[in-house]
Amino acid sequence: MPTALPAKPTASPMRTYALRLTPGQDLRQQLDAFVRQHQIRAGAMVTCVGSLTQATLRLANQENPTVYRGHFEIVSLVGTLSTNGSHLHLAVSDSTGRTLGGHLLDGNLIYTTAEVVIGVLEQLDFRREPDPTYGYRELTVYPLAPAPKQKKAAGQ
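Undergrad: Hey, could you go over the environment of Asp94 for me, with residue numbers and the actual values?
TA: With respect to the helices and strands, Asp94 occurs in the loop between β4 (87-93) and β5 (99-104). A sequence separation of 24 residues divides Asp94 from Gly70, and the C-alpha atoms of the two residues are 7.8 Å apart.

Undergrad: I'd like a description of the pattern of salt bridges, backed by residues and values.
TA: Counted under the stated rule, the structure contains 5 salt bridges. For the salt bridge of Asp32 with Arg28, the shortest nitrogen-to-oxygen distance reads 3.2 Å. In this pair, Asp32 and Arg28 are both assigned in helix α1 (residues 27-37), 4 residues apart and thus about one turn of the helix distant. Across the pair Asp94 and Arg98 runs a salt bridge whose closest N-O atoms are separated by 3.5 Å. Because the salt bridges share partners, they merge into one network encompassing Arg41, Asp125 and Arg127.

Undergrad: Report on the pairing of β4, specifying residues and quantitative values.
TA: On a regular strand, one side chain projects to one face of the sheet and the next to the other, so that they alternate. Here β4 lies mainly inside the structure; 5 of its 7 residues are buried. In this antiparallel pair of consecutive strands, strand β3 (residues 66-81) and β4, the connection spans 5 residues, and Gly85 shows a positive phi of 125°. Two strands pair when backbone bridges link them, and β4 and β5 are joined in this way by 5 bridges, in the antiparallel orientation. Within β5, the residue paired with Ser93 across the bridge is Thr99.

So, how was this worked out
Here, residues in each chain are numbered from 1, in the same order as that chain's written sequence. With pLDDT at 70 or above as the cut-off, local features in this predicted model cover only qualifying residues; side-chain atom pairs require 80 or more to be listed or tallied, and sums for whole chains, interfaces and linings still use all residues. Excluding hydrogens and water, the side-chain figures rest on all heavy atoms present in the structure. Comment: elements are numbered from the N terminus, with helices defined as DSSP H or I runs of at least four residues and strands as E runs of at least two. Any Lys or Arg side-chain nitrogen located within 4 Å of an Asp or Glu carboxyl oxygen qualifies as a salt bridge. When accessible area is computed with a 1.4 Å probe and restricted to protein chains, residues below 20% of their type maximum are described as buried, those above 50% as exposed, and intermediate ones as partly exposed. Any two strands with at least two DSSP-identified bridges between them are counted as paired.

So this is what it looks like as structure tokens:
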């Protein structure tokens, strides 16, 4: 049975990673690769700033992606990360300050940089499971099962 976050605040260890993405890299693809490489089971975006030459988003209540080309500032990147499926929302602004946002998809190309900080919740396991309300695969939070203890060999 999935668990909810505790009602009372508790101290929980959080490991953090900081990385910089470079021109031409795809923001979503690089984050997915990082999550796989580090086997992140329960992560959260702490912060991300940078710029894009292309923003590809799935806007609210739309099935297909929308692609924007130009120069954009990343003003927010929020969401959860997991080897079991990530869910990220991106907000960008153009040269007039107009801001738009939606689901982060492949096709967000770095212009000058993306400075990223990711927090990893060591004791949790984020999973994506079907929700009967709309049928989408939504976040369920489980405690991370402790690794089995190895038995000592005879004579040790």
